[in-house]
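Remarks on the overall topology
What follows is each chain in one-letter form.
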Amino acid sequence: MACVTIVNCSILLNGESAEPFNAAKGLRQGDPMSSFLFAIAMEYLSRLLKGLKQDKQFKYHPRCSKLGITHLCFADDLLLFVRVYCGGMDPMQKAAVIQALSYTEGQLPFKYLGVPLDTKKLSILQLQPLITKMVAKITSWTAKKLSYAGRAQLVQTVLFAIQSYWAQLFTLPVQIVKLIEAYCRSYLWSGGNVLTKKLLLAWEKVCLPKSVGGLNLTNLQVWNSAAIAKTYWDLTHKQDKLWIKWIHAYYVKRQRIDDMSIPQSASWMIRKIFEAKQIINQLHRPLDEQTIIIKHIYLQLIPIHSKMDWRCLMFQNNARPKAIFTMWIQNHGRLLTKDRLKRWGLHMDETCVLCQADKETREHLFAECAYANRLWTRLSQWAQVHSIVPNIWIQYFQLIIHHSKGKTASAMLLKMMYVEYIYVLWRERNTRIFEGASREHEALAREVVSMCYFRADKKVKGLIQNL
Ligand SMILES: [Zn+2]
């Protein structure tokens, strides 16, 4: 430690620095040396502790003797395992011994690496920090005005990441998963941190892959099962890890892991891992032993649905994410057009605000409406897709799908233009109803064209320049 003594400190006294003095031991906070010194010290301590194995007086922890484990060391945490008898001691004596050894008596559950460790099933109360963390995150976002697409992105990345660490370690109770989902769902549809039942589409649908009509958000319950199943798979395939060696030494022993029954004496977490054998057994495709990740199991566990014919519009589409989101709701027939609001019992003027000539329905607004027709005609002239005419909604939509398939530049341009067309029309309708302002179809056409130009990739840009 001699090298450490070169550190010197000076104290500011009444605004003036006093005579510097050398430190006898220790490092300045944040010194890059400290982590190396710590590693050296821990290495030395580890060697000393390993020496205990030769000491006949040393009593292993009852579950550590087979593998000769005396301690585990991770980052700045050190777990020591030893058998200590306090039998027959009165509490005063025991306290004196603990004090003499400078230890504090701990008990389960305790928190390690951010999660509670216990041999029993985790209580709802123990899982509460997870919920609190998620709600705090959502609360920090509520002030921001984000589109549905922005919120969906936050739900998928940030909120999912918070729970995924816990979900890889524990089987989360259904009640907790439902609560987490309720917060994610409420934030997506309302932008707030208060639970609400107002939603345009069921959460199960939102969590499906894009090809079958979802947004590809993660189904937390299925993901949790997949994560625990992956742990079971590791148990059967990766025998070089210490925790797996330990389970084999104490529970599997000489049995075949696939045939053995669940060890009832094991802790709740280990029993849950063994129970996940059923999940692995129900998979319909074999797993690739080299590259297995949780997602491979997850994709096999989500229910099979038939593919949507409009799935080509959802993939490799360079339109704005918020425009794609609007089209996605529209494809499901869930935009709140006036005919739908009327069915819910709301009384209002049903006339289309764009043409003032007919009732507002999805079919009218996006295909039959004279205003929409003028906008589309302008766009189709620009993109040279004269054959697609929006007279009858279903025929128009089928033509869009038909011409959007494939990876040609014209298909890419068409699907981007169509999505932006749906979005600007819907926004125009809302601006007219809620803000009383209106724009000519020419202005909307210019917006769609410039969006297509700015967002197009190189191939599509080349096509646009030749139009
Ligand atoms: Zn109209």
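Now for a quick tour of the structure. The shown structure was predicted, so the numbers you read here are calculated from the model rather than taken from an experiment. (Residues numbered from 1 in each chain as written. Predicted model: local features only at pLDDT ≥ 70, side-chain atom pairs only at ≥ 80, totals over all residues.)

**Examining the overall build of the protein**
Inclusion rule: Where helices and strands are cited, they refer to DSSP runs of H or I of at least four residues and of E of at least two residues respectively, numbered from the N terminus. In this description the radius of gyration comes from C-alpha coordinates, and the expected globular size is given by 2.2 Å times residues to the power 0.38. In this description, a residue-residue contact is defined by the distance between C-beta atoms placed from the backbone, which must lie within 7 Å.
Each helix and strand in the protein was counted, giving 19 helices and eight strands. Relative to the compact-globule value of 23 Å for 467 residues, the protein shows a C-alpha radius of gyration of 32 Å, a clear excess of over 25%. Across its three principal directions, the C-alpha atoms of the protein cover 95 × 75 × 50 Å. Counting contacts in the protein only where the partners sit at least 6 residues apart, residues at least 24 apart contribute 58% of the total.

**Some points on helix H4 (residues 148-169)**
Keep this limit in mind: What a helix is expected to span follows from its residue count: subtract one and scale by 1.5 Å. Throughout, bend refers to the angle between the axes fitted to the seven residues that end at a position and the seven residues that start at it.
Taking 1.5 Å of rise per residue, the 22 residues of H4 would be expected to cover 32 Å, and the 31 Å separating its terminal C-alpha atoms lies within 8% of that figure. Largest kink in H4: about 40°, centred on Phe160. The inward-facing, buried residues of H4 contact strand S8 (115-117), helix H3 (124-142), helix H5 (174-190), helix H7 (220-237) and helix H12 (321-331).

**Digging into unusual backbone geometry**
Rules: Remark: C-beta atoms are placed from the backbone, and a residue is labelled buried if 20 or more other C-beta atoms sit within 10 Å of its own, exposed if 12 or fewer do, or partly exposed between those counts.
A positive phi angle, near 70°, is found at Asn216, a position not held by glycine. Inspection of the secondary structure puts Asn216 in the loop between helix H6 (203-206) and H7. Overall, the presence of 14 C-beta atoms within 10 Å leaves Asn216 in the partly exposed class.

**Regarding the pairing of strand S5 (residues 71-74)**
The two faces of the sheet receive side chains in turn, since in a regular strand these alternate between them. Using the following cut-off: For two strands to count as paired, DSSP must find a minimum of two bridges between them.
Pairing between S5 and strand S6 (residues 77-80): four bridges, direction antiparallel. Directly across from Phe74, in S6, lies its bridge partner Asp77. In textbook terms, the turn of a hairpin is the stretch between consecutive antiparallel strands, and for S5 and S6 this stretch comprises two residues, one of which, Ala75, has a positive phi near 50°.

**Focus: the nonpolar core**
Operational definition: Only buried Ala, Val, Leu, Ile, Met, Phe, Trp, Tyr and Cys residues enter a nonpolar core, and they are joined through C-beta atoms within 7 Å.
Core analysis: the biggest nonpolar cluster contains 79 residues, and Ala372, Leu375, Leu413, Met417, Val419, Tyr421 and Val448 have the highest contact counts within it. The element that contributes the greatest number of residues to this core is helix H17 (residues 409-435), accounting for 12 residues. What Ala372 contacts, discounting residues up to four positions off in sequence, is Leu354, Leu365, Phe366, Ala367, Pro390 and Leu425.

**Section: the packing of helix H15 (residues 370-383) against H17**
As a reminder, the rule being used: Lines fitted to C-alpha atoms define the axes here, with helix axes fitted over just the stretch in contact, and angles between the N-to-C directions of these axes take values from 0 to 180 degrees. Each angle receives one of four descriptions, namely roughly parallel if under 35 degrees, roughly antiparallel if over 145, roughly perpendicular if within 65 to 115, and oblique otherwise. Helix crossings are classified by the rotation of the near helix relative to the far one: an anticlockwise turn of less than a right angle makes the crossing left-handed, while a clockwise turn makes it right-handed.
In the contact formed by H15 and H17, the axes pass within 11 Å of each other and the chain directions differ by 155°. For the element pair H15 / H17, the angle class is roughly antiparallel. For the pair H15 and H17, the crossing hand works out as right-handed. Of the residues in H17, those touching H15 at Ala372, Leu375, Trp376, Leu379 and Ala383 are Leu413, Leu414, Met417, Tyr421 and Leu425.

**Quick notes on helix H16 (residues 393-404)**
Just so we agree on the cut-off: Taken from the helix axis, the directions to the C-beta atoms give the arc we talk about.
With 12 residues, H16 should cover 16 Å at 1.5 Å per step; its first-to-last C-alpha distance of 16 Å lies within 8% of that length. Considered for burial, the residues of H16 that qualify are Tyr396, Phe397, Ile400 and Ser404. Each buried residue of H16 lies within a common arc of 100° when the element is viewed along its axis, so the set occupies one face. Buried-residue contacts for H16 involve helix H14 (362-368) and H17. Taken from the residues just after H16, Gly406 is the one with a positive phi, measuring 90°.

**Section: the packing of H7 against helix H11 (residues 294-301)**
As a reminder, the rule being used: Classification used: nonpolar for Ala, Val, Leu, Ile, Met, Phe, Trp, Tyr, Cys and Pro, charged for Asp, Glu, Lys and Arg, polar for all others including Gly.
Relative to each other, H7 and H11 sit at 130°, their axes nearing to 8 Å. Our classification of the angle between H7 and H11 gives oblique. Relative to H11, H7 is oriented so that their crossing is right-handed. Side by side, H7 and H11 meet where Val222, Trp223, Ser225, Ala226, Ala227, Ala229 and Lys230 of the first sit next to Ile294, Ile297, Tyr298 and Leu301 of the second. Of the residues contributing to the contact of H7 with H11, the split by class is nine nonpolar, one polar and one charged.

**Things to note about the environment of Lys137**
Mapped onto the elements, Lys137 comes out in helix H3. The sequence separation of Lys137 and Ser225 amounts to 88 residues, and the corresponding C-alpha distance is 25 Å. If we skip the residues at most four places from it in the chain, Lys137 touches Val158, Leu159 and Ile162.

**Here we look at the environment of Arg185**
Note that Arg185 resides in helix H5. C-alpha of Arg185 to C-alpha of Leu336: the two residues are 151 residues apart in sequence and 18 Å apart in space. Apart from the residues lying within four places of it in its own chain, the contact partners of Arg185 are Leu199 and Trp203.

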